[in-house]
Amino acid sequence: MTTVRIGNGYDVHRLEKGLRLVLCGVDIPHDRGCVAHSDGDVAIHALCDALLGAASLGDIGRHFPDTDGKYENIASGILLERVCGMLSENGYAVGNVDIVIVAQRPKVAPYIEDMRRNLSETMGIPVSSVSVKATTTERLGFTGREEGIAAYAVALIDNIR
Ligand code: MG
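Caption draft 1: The sheet that holds strand β7 (residues 148-159), seen in detail. In space, the five strands of this open sheet follow the order β4-β1-β7-β5-β6, with mixed pairing throughout. The open sheet terminates on both sides in strands that have one partner only, identified here as β4 (32-34) and β6 (130-135). The sheet shows a mean angle of 25° between the axes of neighbouring strands, direction not considered. Where strand β5 (residues 92-102) lies against β7, ten bridges are found, and the strand directions are antiparallel. Looking across to β7, one finds that Ile-101 is bridged to Ala-151. Seen against the sheet, helix α1 (residues 42-54) touches β1 (3-17), β5 and β7 and runs at an angle of roughly 155° to β1.

Caption draft 2: Spotlight on unusual backbone geometry. For the bond from Arg-105 to Pro-106, the omega torsion is -5°, close enough to zero to count as cis. Along the polypeptide, Pro-106 turns up in the loop between β5 and α4 (112-123). A positive phi angle, near 55°, is found at Glu-138, a position not held by glycine. Owing to a relative accessible area of 65%, Glu-138 belongs among the exposed residues under this scheme. Here the phi dihedral of Glu-146 falls at roughly 60°; this positive angle occurs in a residue that is not glycine. Position of Glu-146 relative to the elements: it lies in the loop between α5 (141-144) and β7.

Caption draft 3: Highlighting the packing of aromatic side chains. Enumeration according to the criterion identifies two aromatic pairs in this entry. Judged by centre distance (5.4 Å) and plane angle (80°), the rings of Phe-64 and Tyr-71 are edge-to-face. Both residues of the pair, Phe-64 and Tyr-71, belong to the buried class.

Caption draft 4: Structural context of the environment of Gly-7. With respect to the secondary-structure elements, Gly-7 resides in strand β1. Looking at Gly-7, the relative accessible area reads 7%, which means it is buried. As a C-alpha pair, Gly-7 and Asp-68 span 61 residues in sequence and 26 Å in three-dimensional space.

Rules used in this analysis
- All chains use their own residue numbering, which begins from 1 and follows the written sequence.
- The predicted origin of the model limits local features to residues at a pLDDT of at least 70 and limits the giving and counting of side-chain atom pairs to 80 or more, whereas totals for whole chains, interfaces and linings rest on all residues.
- The basis for every side-chain value is the complete set of non-hydrogen atoms in the structure, without hydrogens or water.
- Here, any two strands with at least 2 DSSP bridges between them count as paired.
- For helices the rule is a DSSP run of H or I covering at least 4 residues; for strands it is a run of E covering at least 2, with both sets numbered from the N terminus onward.
- Between the N-to-C directions of two axes lies an angle of 0 to 180 degrees, each axis being a line fitted to C-alpha atoms and, for a helix, fitted only over the stretch in contact.
- We call two residues in contact whenever any of their non-hydrogen atoms come within 4.5 Å of each other.
- Exposure classes here rest on a 1.4 Å probe applied to the protein chains alone. A residue is buried below 20% of its type maximum, exposed above 50%, and partly exposed in between.
- The rule is short: rings of Phe, Tyr and Trp, with Trp giving its six-membered ring, pair when the centres are within 6.5 Å, and they are stacked under 30 degrees, edge-to-face over 60, tilted in between.

Given below as structure tokens:
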């Protein structure tokens, strides 16, 4: 009998002018990007936490501490790949995931399909099991003032052992 488990994740990164912006592994042309130890892919970070949470395996900060030089500027897709590896070692398979990116700018819609394809390849699940959505906060709060980008993620995993 398979057991379905659920996890959620949340992350925020500060925006600064002149930095690279990467969301769900896709480089997005913009006048500012996320301040981070890694590539600052806030959406993948939230997703990793959702997956780890579903398996009760802690969080991204525990597995990939930002005090560790080996994670400096690392592509977050590599972290996601490792998280999926940890899940399968523990007898879990990713079911489906759903991500919400909260940003006033840039417009994320044109990149959604690339993001879904990218994440599905990294996680080894069908594109139809990967949902990426985006919203603004109507100029309210830190995301609305373009001081930062936030991301929420939910993941279902199946116990396959
Ligand atoms: Mg982060």
